[in-house]
Structures are given as structure tokens and as C-alpha cells.
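Each chain is listed here by its residues.
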Amino acid sequence: MSRPDHRAPVRLPSLDARERELETCTFCPKLCRSACPVSNAEPRETLTPWGKMSLVNAMAHGDVAVDASHGEPAWACTGCGRCQKRCDHEVPVGAILREARAELSKGGVRPAALEDIEARVEESDSIMRRAADELASEAAYDASSRHAILVGCSYHRGASEEARLALRVVYALTGEPHRVVSSCCGAPLADAGLPERAEGRKRSLGTSMQGLASLVIVDAGCAQHLIVEPAPGLPKPVTLVELAARHLDRFAPAPGLGEEPVRWHDPCRLGRGLGQYDEPRHVLARILARSPDEFAERREQSGCSGAGGLVPLTFPEAAKGAAKRRVAEHQELGGGRVITGCASSLKSFRAAGADADDIVRWMAKSLGVERV
Ligand code: SF4
Ligand code: SF4
């Protein structure tokens with residue numbers, strides 16, 4: 001973590017508006033402690049939601065120095081929102097820690113692992129442009145279409161086959177070829193404590209899509225970033241699962257797919273972030289000709305894969321531990337296949353040894369567009 005320079009604030013004054021919530025946590029008997037995927041994986045008091053909020057509160061009041069050691073826990077949050085669901089006061093810990101990251105960043109306190117975050121986002125743009133070029137031969141692709149699909153840089157980086165399938169699925173459902181968005185929406189910058197940069201990217205995306213008729217978003221993280229606070233000019237976005245749920249009759253039961261256990265994992269930003277719990281279940285139920293298998297911790301109480309909030313960069317061991325815990329729950333319940341709808345959790349589950357798939361692959365199987 002980089003050290004604050006001489007301009008670093010002695011407190012975090014912009015968090016004054018959050019004083020009530022920070023005080024509520026500081027004097028709370030830690031009722032949400034078992035909810036946090038980060039402190040469950042790396043059991044340190046300062047990494048519990050209570051610990052993180054208490055440290056931010058102490059920095060906001062100037063009771064402790066605004067420095068690397070006190071600032072570090074603010075980056076130990078996936079933004080999963082699970083603690084908020086356990087909290088009687090519904091304190092939005094993830095959102096407040098994100099605001100704290102922005103304040104800390106302004107003071108020069110940011111993890112060393114995030115020092116090149118802006119370069120990474122630029123690199124994502126290049127990867128997305130190349131991916132769009134590679135998809136140009138698909139019948140589902142039309143660079144001048146009034147309909148756009150934003151797959152998300154995490155898919156293009158680590159799950160390019162799923163990105164291709166997403167384009168085909170959207171074409172099969174709508175009958176319209178789509179243009180492929182080839183610039184990052186800015187969500188990683190918001191997680192890195194650079195909200196102005198994130199907002200700038202979101203606004204440019206909106207400007208570049210002015211006049212388009214529709215936008216489908218595949219990645220849950222991009223979807224939450226663009227749907228909760230949309231940018232001017234952006235066509236009203238829908239998630240891929242939302243679109244699929246509007247066309248349920250198009251999904252035929254695929255022979256053999258429902259025979260092994262197929263367990264749906266609610267991605268945090270799709271479920272708690274956007275309230276889309278039923279849509280993926282309805283789609284999977286059509287494809288499997290039965291309800292999907294379930295985790296014990298599901299829907300509002302779903303466990304987190306540890307892959308959000310840049311935690312795989314800032315606290316990699318905690319991120320891996322969270323994924324292993326989720327996969328262990330899956331195995332204890334009978335194993336089989338775990339299905340998700342976000343590229344980051346897909347990658348984490350696979351790395352943790354699970355047979356994991358993205359829901360888009362199952363949609364493609366059912367619609368008969370999986371193979372060329
Ligand atoms: S989020 Fe709620 S339950 Fe958790 S520490 Fe804060 S006040 Fe307590
Ligand atoms: S939002 Fe999730 S990761 Fe962040 S403190 Fe709460 S439970 Fe932990």
C-alpha cells in the first residue's frame with residue numbers, strides 16, 4: 001500500500017454524511033459478523049464489517065492516522081451486501097466502504113495492487129476491441145446495429161467462449177444482430193476509489209450510445225453499475241437473464257441436462273444488487289424441466305464467491321478462501337454443476353475446483369446455438 005504524502009488529510013471529512021451509520025456500526029455488538037465472506041476466509045477482527053466500519057469511523061473523526069495500516073481494511077470488501085441484509089439498521093456497509101476508498105485514494109492511501117488500475121482498464125478496452133473484431137464474423141454481429149450488447153471485460157478477459165455464446169443467445173431471442181460494446185463501463189474504477197473516473201467512463205458510454213434502441217448487459221457487475229445509476233444517453237439496459245425470462249417459451253428442455261445436480265449461485269450484484277433472483281431460476285427451470293438445485297445460503301442470504309470489489313487483487317487469499325467455502329457448500333449438498341451469471345465468480349469457482357458454468361452456456365445449449 002502506498003504511503004500518504006504531506007497533503008494527506010488528518011481525517012476523512014467527506015464521510016460526515018455517513019456519521020450516523022458509522023456510529024451505529026461502531027457501537028453494534030457485531031450482529032452481522034458471520035455474514036462477511038472476507039472475514040470468514042481471513043478471520044481478523046479488523047476485517048469484519050464492524051472492524052472495517054469502526055476503523056473508517058476512527059479515521060473520519062481523526063482518532064487514528066489516515067495511513068496505510070488503518071486504511072487497508074476498507075479494501076477488504078467485495079461489496080456483496082450480505083452484511084446489510086443481516087443488519088437490523090440495513091447499514092449499506094459496502095457503499096460506505098467504497099466512499100471511504102475514494103477519500104483514502106484522494107489522500108494517497110491506496111493498495112499497491114491497485115496502483116496500475118487505470119492502466120488495467122485501458123488494457124480492458126484493447127481486449128474488448130479485439131474481442132469485438134473476433135466476433136465480427138458471427139451472423140449475430142452488426143457493428144451498425146441500433147441494438148447493443150455489453151458483455152463485460154471480465155468475460156472477454158477470461159471467458160471469451162461465453163462472450164460469443166451471449167451474442168448468439170441475444171440474437172436467437174430478439175432476432176436482431178447486435179453491436180458489441182468495446183469499452184469498459186468504469187465499474188472497476190468505482191471499486192478502486194476513483195469515482196470521478198468511473199463516472200466519466202459511464203458518461204462517455206452514454207454519449208456513445210445516444211439514439212440506440214436497446215442495451216443488453218451480461219456481466220452482473222457491469223449491470224449493477226449501469227442500471228442503478230444510469231448515464232444520460234444510455235438506452236434502458238436489461239440484463240441477459242431479464243431478457244431471457246421475457247422469452248421463456250423459447251427455451252426448450254435440453255435432453256440430459258437436468259440429470260445431474262445443477263445448482264444456481266446468486267451473483268451478489270445480480271441478486272442483492274438488482275433483485276434478480278427469480279429470472280435465472282425461471283430460465284433454468286425451463287432448460288432443466290425441473291427447478292434448479294439450491295444452495296442452503298441463497299437469494300438474499302446467498303454466499304459470496306469473493307470475486308467482487310477487487311478483493312482478488314487486494315486480498316487474494318481471502319478471495320480464494322471465500323470461493324473455496326462456497327464450493328465446499330456445493331459439494332456438501334451433493335456437488336454436480338454450479339451455475340453462475342458473472343464472469344468473476346465463474347473464474348473463482350473454476351479455480352477452486354468446481355465444475356462451474358455460466359448460465360449463458362446453458363441458454364445456448366437449450367436454444368441450439370452452442371456450436372457453429
Ligand atoms: S452493518 Fe449492522 S449489524 Fe453489521 S456492524 Fe454495522 S450496525 Fe452492526
Ligand atoms: S458488503 Fe460483503 S464483503 Fe463487504 S463488509 Fe459486508 S459482508 Fe463483508
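Thresholds, definitions, all that
- Residues numbered from 1 in each chain as written.
- Chains lettered and ligands numbered in written order.
- Predicted model: local features only at pLDDT ≥ 70, side-chain atom pairs only at ≥ 80, totals over all residues.
- Heavy atoms only, no water.
- Helix = DSSP H or I, 4+ residues; strand = E, 2+ residues; numbered from the N terminus.
- Rg over C-alpha atoms; globule rule 2.2 N^0.38 Å.
- Buried < 20%, exposed > 50% of the residue type's maximum accessible area, 1.4 Å probe, protein only.
- Contact = heavy atoms within 4.5 Å.
- Areas by Shrake-Rupley, 256 points an atom, 1.4 Å probe, with all protein chains shown as cover.
- Lys, Arg positive; Asp, Glu negative; His and termini not counted.
- Charge placed at Lys NZ, Arg CZ, Asp CG, Glu CD.
- Phe/Tyr/Trp six-rings, centres within 6.5 Å; stacked < 30°, edge-to-face > 60°.
- Lys NZ or Arg CZ within 6 Å of the ring centre and 35° of its normal.
- Salt bridge = Lys/Arg side-chain N within 4 Å of Asp/Glu carboxyl O.
- Polar contact = N/O pair within 3.5 Å; in protein donor to acceptor, adjacent residues only side chain to side chain.
- Near = heavy atom within 4 Å.
- Nonpolar A, V, L, I, M, F, W, Y, C, P; charged D, E, K, R; others polar.
- Domains from an automatic or database assignment.
- Buried area = accessible area lost by both parts, 1.4 Å probe.
- Pairing = 2+ DSSP bridges.
- Axes fitted to C-alpha atoms, helices over the stretch in contact; angles between N-to-C directions.
- Core = buried A, V, L, I, M, F, W, Y, C linked by side-chain atoms within 4.5 Å.

Caption draft 1: Spotlight on the overall build of the chain. What the chain contains, in helices and strands, is 18 helices and 8 strands. At 21 Å, the chain has a C-alpha radius of gyration in line with the 21 Å of a compact globule built from 372 residues. Seen along its three principal axes, the alpha-carbon backbone of the chain occupies a region of about 60 × 45 × 30 Å. Counting only residues that meet the buried cut, the chain has 53% of its 372 residues in that class. Considering only intrachain contacts with a sequence separation of at least 6, the fraction spanning at least 24 residues in the chain is 76%. As presented, the chain carries roughly 15600 Å² of accessible surface, and 48% of it is formed by carbon and sulfur atoms. Where the 49 positive side-chain charges of the chain centre and where its 50 negative ones centre are 1 Å apart.

Caption draft 2: Expanded view of unusual backbone geometry. For glutamate 90, which is not glycine, the phi torsion reads 50° and is therefore positive. Overall, glutamate 90 belongs to the exposed group, its relative accessible area being 55%. We note that alanine 289 has phi near 60°; this positive angle belongs to a residue other than glycine. In this structure, alanine 289 sits in the loop between helix 14 (278-288) and strand 6 (293-294).

Caption draft 3: Molecular detail of the packing of aromatic side chains. The full count for this structure, using the stated rule, is 0 aromatic pairs. Positioned above the aromatic ring of tryptophan 50, the side-chain terminus of lysine 30 is 4.2 Å from the ring centre. It is arginine 326 that lies over the ring of phenylalanine 295; its NZ or CZ is 3.6 Å from the centre.

Caption draft 4: Region of the structure containing the pattern of salt bridges. Under the counting rule described, the total for this entry stands at 33 salt bridges. Between aspartate 116 and arginine 120 there is a salt bridge, with the nearest N and O atoms lying 3.6 Å from each other. By relative accessible area, aspartate 116 is classed as partly exposed at 39%. Here arginine 337 and aspartate 357 are joined by a salt bridge, their closest N and O atoms 3.2 Å apart. A residue pair is termed long-range when its members are at least 10 positions apart, and arginine 337 in strand 7 (residues 337-340) and aspartate 357 in strand 8 (residues 356-358) qualify at 20 residues. Via salt bridges that share partners, Glu161, Glu162, Glu260, Arg337, Arg350, Asp357, Arg361, Lys365 and Glu370 belong to a single interconnected network.

Caption draft 5: Examining helix 12 (residues 220-228) more closely. Among the 9 residues in helix 12, 7 count as buried, and that is most of the element. Every buried residue belonging to helix 12 is among Ala220, Gly221, Cys222, Ala223, Gln224, His225 and Leu226, and all of these are buried. Where helix 12 begins, the capping side chain belongs to aspartate 219, and its oxygen is found 2.9 Å from the backbone nitrogen of glycine 221.

Caption draft 6: Fine view of the site of ligand 2. As a structural note, the neighbourhood of ligand 2 is formed by Cys36, Pro37, Pro49, Lys52, Cys77, Thr78, Gly79, Cys80, Gly81, Cys83 and Val93. Looking at the shell around ligand 2 residue by residue, the classes come out as 7 nonpolar, 3 polar and 1 charged.

Caption draft 7: Quick peek at the domain arrangement of the chain. Splitting the chain by domain gives domain 1 (13-110), domain 2 (117-246) and domain 3 (248-367). Residue-level contacts link 19 residues of domain 1 with 19 residues of domain 3. At the boundary of domain 1 with domain 3, total buried surface from both sides reaches about 1500 Å², with 59% on carbon and sulfur atoms. Three residues stand out in domain 1 for area buried against domain 3, namely Thr78, Arg82 and Lys85, and they jointly supply 36% of the buried area on that side. Linking domain 1 to domain 3 there are 1 salt bridge. Across the salt bridge formed by glutamate 297 and arginine 82, the nearest N and O atoms sit 3.0 Å from each other.

Caption draft 8: Broad picture of the sheet that holds strand 2 (residues 179-180). Read from one edge of the open sheet, 4 strands run 2-1-3-4, paired in parallel fashion. At either end of the open sheet lies a strand with only one pairing partner, and these are strand 2 and strand 4 (237-239). As judged from the 4 bridges shared by strand 1 (residues 147-150) and strand 3 (residues 214-217), these two strands associate in the parallel manner. From the neighbouring strand, alanine 148 faces strand 3, where its bridge partner is leucine 215. Most of the contacts of helix 12 go to strand 4, to which it runs at about 150°, and overall it touches strand 1, strand 3 and strand 4.

Caption draft 9: Molecular detail of the nonpolar core. Core analysis: the largest hydrophobic core is formed by 56 residues, its most contacted members being Met53, Leu104, Leu150 and Leu215. A per-element tally of this core places helix 6 (residues 93-106) first, with 5 residues. Membership of the second largest hydrophobic core comes to 51 residues, among which are Ala140, Ile287, Val327 and Ile359.

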